[in-house]
Protein chains: 2
Amino acid sequence: MAARGGVRAEQRAQTRRVLLRESRRLFASRGYGAVGLAEIVRASGVTKGALYHHFDGKADLFRAVLEEAQQEVGRRVAEAAERHPDPWDQLTAGCREFLAASTDPELQRIMLVDGPAVLGWSEWRAMDEAASARHLTEALAELVAAGVVAPQPVAPLAHLLSGAMNEAALWLAADAGPGDLADTWAALERMLDALRATPAAAPRV
Amino acid sequence: MAARGGVRAEQRAQTRRVLLRESRRLFASRGYGAVGLAEIVRASGVTKGALYHHFDGKADLFRAVLEEAQQEVGRRVAEAAERHPDPWDQLTAGCREFLAASTDPELQRIMLVDGPAVLGWSEWRAMDEAASARHLTEALAELVAAGVVAPQPVAPLAHLLSGAMNEAALWLAADAGPGDLADTWAALERMLDALRATPAAAPRV
DNA sequence: CCTTTCGCGTACCATCGGTATGTCAAAACC
DNA sequence: GGTTTTGACATACCGATGGTACGCGAAAGG
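Residue positions within a chain follow its written sequence, with the count starting from 1. Key to labels: chains lettered from A, ligands numbered from 1, both in the order written. At least 70 in pLDDT is required for a residue's local features to be given in this predicted model, at least 80 for side-chain atom pairs to be given and counted, and no such filter applies to totals for whole chains, interfaces and linings, which use all residues. Computation of side-chain values: all heavy atoms of the structure, hydrogens and water removed.

Novice: I'm lost on the relation of the copies chain B and chain A in this one. Help?
Specialist: Each of the two copies of the chain can be brought onto the other by a rotation about an axis and a shift along it. Superposing copies: least-squares fit, C-alpha atoms only, residues required to have pLDDT of at least 70 in both. Mapping chain B onto chain A calls for a screw motion: a turn of 180 degrees about the axis and a shift of 0.0 Å along it, with 0.1 Å RMSD after fitting. Look at the turn and shift together and you get a two-fold axis relating the two. Take the interface residues of chain B: 100% of them recur as interface residues in chain A, which is what a same-surface contact looks like. Residues are treated as being in contact if the distance between any of their heavy atoms lies within 4.5 Å.

In structure tokens form, the structure reads like this:
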């Protein structure tokens, strides 16, 4: 009579959720290298046998945590962008939301610091692209197609902007001055504005 | 009669140099986490006793390697900038040199990927600031003072640009398309140019 | 019922970073 | 120049870590 999937599958999903939640909390607070599997399974109320039944190892567990976090941020960015009809407003709103979301210290260390080091930059980049950076690339491509932004390869632009926002988020979370967020956003907005102020005076759409 | 410092100090310096050279090579090629102390000391022709006599541990050895690499890049950036009398040319030349230097795969993993994860972002940032990012901050401050760049806090700007260049360097080294470097530099130069195209039409110096 | 499956616990292992101590030659001293 | 001291290592060892092999017991399937 148990819920859909049987009591068996429910317990399995429950264990996996707890493992992800606790390891995410520990990885975020003390970093991947400083957290041992023993501590994770103790906090989760299970044993290493359970962990290795769900994941291929410590790095694979981290990968699952990272993917979850990235998709949360990607969803937030997409939702913020969708609230605006104009493509340009979608870009700026998405960037603003990304900056806000990435400043969360609970996500930051996992997404921006340990992610590339644990999985390697290429894999981290592919995951980030699939989850959130994709929205940036698509928004830029759309603006180029509409003539709002000067014709140019969007990939380099997307990487430059993505890197700029990642570093800015890390700085804001670490050195947290009162007006720093506003100053950073102002500087970033100037950079974005420069994209559409082309010498050929491209028409607004 | 031995050279300055005695045969004793010479041997010590030699051992330290070998340790730094081999660990740097191994860290660069396979990453901090995947390289064990046993492999480092074997490649260096010494034992763990020697390593722990020179460094406080694995992280401290990595710190020394990172510092060396960062100062090399910082020196290259400074030299490239000093070849130009005009402050604006100094900025662009420095950025261009940084991009070129950071694309080296031998330095990249240590400086941009493992650095923040092993030492923590704050310490990594402080070291990077002292070695190379300082030049960026100083150049921007000078341009603001000269009225070339619109008056604004330089710290957010420096972080945005630094992050943009770091990410671009990682992308270029990984996905290495033929025209990507030129495209990236063109996009970055447009960003920089936007800084001096202020609505108030600031005078060139 | 009886068998199979599978989610997980237990026991164990190799290797890791790190430490304590020994050793022997260069330096310092008288 | 003999003695003592210093210091740059090597050796031996330790606890903890990530990872593996295997056992168990309850749910799923017939």
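Novice: Any chance you could explain helix H9 (residues 180-196) of chain B here in plain terms?
Specialist: Along an α-helix, a turn takes 3.6 residues, which lines up residues three or four apart on a common side. Numbering of helices and strands runs from the N terminus, with a helix taken as a DSSP run of H or I at least four residues long and a strand as a DSSP run of E at least two residues long. Helix span, expected: 1.5 Å multiplied by one less than the number of residues in the helix. In a regular helix each residue adds 1.5 Å, so 17 residues correspond to 24 Å; H9(B) covers 25 Å between its end C-alpha atoms and thus fits that length. The inward-facing, buried residues of H9(B) contact helix H8 (154-175) and helix H9 (180-196) of chain A together with helix H5 (87-102), helix H7 (121-145) and helix H8 (154-175) of chain B.

Novice: Could you clarify how one ought to interpret the protein's contact with DNA strand C in this entry?
Specialist: Residues are labelled near a given molecule or strand when at least one of their non-hydrogen atoms is within 4 Å of it. In the vicinity of DNA strand C there are 20 residues, among which Arg12(A), Thr15(A), Thr47(A), His54(A) and Lys48(B) approach most closely. Sugar plus phosphate: this is where 66% of the atoms of DNA strand C within 4 Å of the protein reside. Each polar contact in these results corresponds to two N or O atoms within 3.5 Å; when the atoms are within protein, one needs to be able to donate a hydrogen and the other to accept it, and residues that are neighboring in sequence are counted only if both atoms are side-chain atoms. Here a phosphate oxygen of DNA strand C sits 3.5 Å away from a polar atom, N or O, in the main chain of Val35(B). Take Lys48(B): an N or O atom from its side chain is 2.3 Å from a base oxygen of DNA strand C.

Novice: Teacher, can you tell me more about the protein's contact with DNA strand D here?
Specialist: Close contacts around DNA strand D come from 20 residues, with Leu37(A), Lys48(A), Tyr52(A), Arg12(B) and Thr47(B) the closest. Contact distances for DNA strand D include 3.2 Å between a phosphate oxygen and a backbone N or O atom of Val7(A). Leu37(A) is positioned with one of its backbone polar atoms (N or O) 2.7 Å from a phosphate oxygen of DNA strand D. Only helix H1 (6-30) and helix H3 (48-54) of chain A together with helix H1 (6-30) and helix H3 (48-54) of chain B provide two or more residues apiece to the surface near DNA strand D. Charged means Asp, Glu, Lys or Arg here, nonpolar means Ala, Val, Leu, Ile, Met, Phe, Trp, Tyr, Cys or Pro, and polar covers whatever is left, Gly included. For the surface near DNA strand D, a count of residues per class yields six nonpolar, nine polar and five charged.

Novice: What's the story with the pattern of salt bridges in this structure? I'm lost.
Specialist: Here, a salt bridge means any Lys or Arg side-chain nitrogen found within 4 Å of an Asp or Glu carboxyl oxygen. Using the criterion set out here, one finds 30 salt bridges over all chains in the structure. Two residues, Glu22(A) and Arg25(A), come together in a salt bridge whose shortest N-O distance is 2.5 Å. Of this pair, Glu22(A) and Arg25(A) are both found in helix H1, three residues apart, which corresponds to roughly one turn of the helix. Each residue is placed in one exposure class: buried if its accessible area under a 1.4 Å probe, protein chains only, is under 20% of its type's maximum, exposed if it is over 50%, and partly exposed if it falls in between. Residue classification places Glu22(A) among the buried residues on the basis of a relative accessible area of 8%. Arg21(B) serves as the salt-bridge partner of Glu22(B), at 2.9 Å between the closest nitrogen and oxygen. Salt bridges here are not isolated pairs; linked through shared partners, they connect Arg21(A), Glu22(A) and Arg25(A).

Novice: Explain the environment of Gly57(A) to me, please; I cannot follow it from the model alone.
Specialist: Residues and elements named next belong to chain A. Tracing the backbone through its elements, the reader meets Gly 57 in the loop between H3 and helix H4 (58-82). The class of Gly 57 is buried, set by a relative accessible area of 8%. In the structure, Gly 57 is positioned 43 residues away from Gln 14 in sequence and 19 Å away in space, judged by C-alpha atoms.

Novice: Mind showing me how you'd approach the interface of chain B and chain A here?
Specialist: Frequently, the measure chosen for interface size is the accessible area removed from exposure when the parts meet. Tallying the contact residues gives 31 residues for chain B and 31 residues for chain A. When the two sides are added together, the surface that chain B and chain A hide from each other amounts to roughly 2,800 Å², 75% of it contributed by carbon and sulfur. Across the contact surface, chain B and chain A share two salt bridges. The closest approach of N and O atoms between Glu167(A) and Arg125(B), which form a salt bridge, is 2.8 Å. Elements with a contribution of two residues or more to the side of chain B that touches chain A: helix H6 (105-119), H7, H8 and H9 of chain B. A total of 14 residues in the side of chain B that touches chain A trace back to one element, the largest contributor, which is H8(B). Two parts placed together each lose some accessible area under a 1.4 Å probe, and the buried area is that loss summed for both.

Novice: Looking at this structure, how should I read the packing of aromatic side chains?
Specialist: Residues and elements named next belong to chain A. Note on aromatic contacts: the rings of Phe and Tyr and the six-membered ring of Trp form a pair at centre separations within 6.5 Å, being stacked when their planes are under 30 degrees apart, edge-to-face when over 60 apart, and tilted otherwise. As enumerated under the stated definition, the model contains six aromatic pairs over all chains in all. Ring geometry for Phe 27 against Tyr 32: centres 5.4 Å apart, planes inclined by 35 degrees, an arrangement best described as tilted. For Phe 27, a relative accessible area of 0% translates into the label buried. Pairing Phe 27 with Phe 62 gives two aromatic rings, centres 5.6 Å apart and planes at 70 degrees, and the pair type is edge-to-face. Here the residue Phe 27 occupies a position in helix H1, and Phe 62 occupies one in helix H4, the gap between them amounting to 35 residues. Across this residue pair, the class does not change: Phe 27 and Phe 62 are buried. Among the aromatic residues, ring-to-ring pairing joins Phe 27, Tyr 32 and Phe 62 into one connected group.

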